[in-house]
Amino acid sequence: ILTDGILVGQRIGTDGLSAISLCVPVYLVLCVVGSFLVSGTAIQASKAIGRRQQEKSQRLYHTAIWSCLAASCLTTAIGLALSGPISALLCPDPAIRPLVREYNFITLIGALPKILIYIPFWFLRIDGRTKLVARMMLVMGGGNIALDLLFLYPMDMGIGGAALASVIATAVACALGFFWLCDQNSSFHLGSSWVTTRKEWKEIAATG
């Protein structure tokens, strides 16, 4: 958001900068969904590892993946269906509203990586691989800046280019994080098991 604001403000002007500022709530909703679901499952998984409950920790990891996938699809579907009303709610100025809608539309299409990225962000650290988290975040931040410069200047894609740069950079960082989570050094493995009891869901919600 910081990078987009600076570069869009320089390239498009105050209307573009205003549009990005008005779109911050949509981005924060995605952050809240991802951090709520993943922090809850990750902290409970960490507790399970400390108690040597490996099967439970794997089940919580799978729960994080499947719940984030479901939340991403639901958020994208609802967001795109209501993109017009959401943009009108965020922006009362009809002159800026098309920019707000364009930025929100692309951001919501990219909700999946923006929510899923919290999984490697949390679980790689639980696995003791904090350097990989730093690399992943460097790829996301550096990639976003590089793509912003490419999309806004040579390609002249406007505010949609800024939103697309953020989505692509996040997707690449997310894919890299999952690549490390799935390698032979990882303690976590993909699977279909997940939390089913109400008690465990309450613990995840309380922790998240």
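Residues numbered from 1 in each chain as written. Predicted model: local features only at pLDDT ≥ 70, side-chain atom pairs only at ≥ 80, totals over all residues. Heavy atoms only, no water.

## Side note on the overall build of the protein chain
Within the protein chain one finds 10 helices and zero strands. Going residue by residue from the N terminus, the α and β elements of the protein chain occur as α-α-α-α-α-α-α-α-α-α. Whereas a compact globule of 208 residues would reach a radius of gyration of roughly 17 Å, the protein chain reaches 18 Å, a difference of no more than 12%. Counting only C-alpha atoms, the protein chain reaches 55 × 35 × 20 Å along its principal axes. Of all 208 residues assigned to the protein chain, the portion counted as buried reaches 46%. In the protein chain, of all internal contacts separated by at least 6 residues, the share reaching a separation of at least 24 is 76%. When the accessible surface of the protein chain is split by element, carbon and sulfur atoms take 66% of a total near 10300 Å². Positive and negative charge centroids in the protein chain, built from 16 and 11 side chains respectively, lie 13 Å apart. (Helix = DSSP H or I, 4+ residues; strand = E, 2+ residues; numbered from the N terminus. Rg over C-alpha atoms; globule rule 2.2 N^0.38 Å. Buried < 20%, exposed > 50% of the residue type's maximum accessible area, 1.4 Å probe, protein only. Contact = heavy atoms within 4.5 Å. Areas by Shrake-Rupley, 256 points an atom, 1.4 Å probe, with all protein chains shown as cover. Lys, Arg positive; Asp, Glu negative; His and termini not counted. Charge placed at Lys NZ, Arg CZ, Asp CG, Glu CD.)

## Topic: the packing of helix 1 (residues 2–11) against helix 2 (residues 14–50)
The N-to-C vectors of helix 1 and helix 2 enclose an angle of 160°; their axes lie 7 Å apart at closest approach. With respect to helix 2, the element helix 1 is oriented roughly antiparallel. The element helix 1 and its partner helix 2 pack so that their crossing is right-handed. In this structure, helix 1 uses Asp4, Gly5, Val8 and Gly9 to contact helix 2, whose residues at the interface are Gly16, Leu17 and Ile20. (Axes fitted to C-alpha atoms, helices over the stretch in contact; angles between N-to-C directions. Parallel < 35°, antiparallel > 145°, perpendicular 65-115°, else oblique. Left-handed = near helix turned anticlockwise from the far one by under 90°.)

These values are about where atoms sit, not about what they do.
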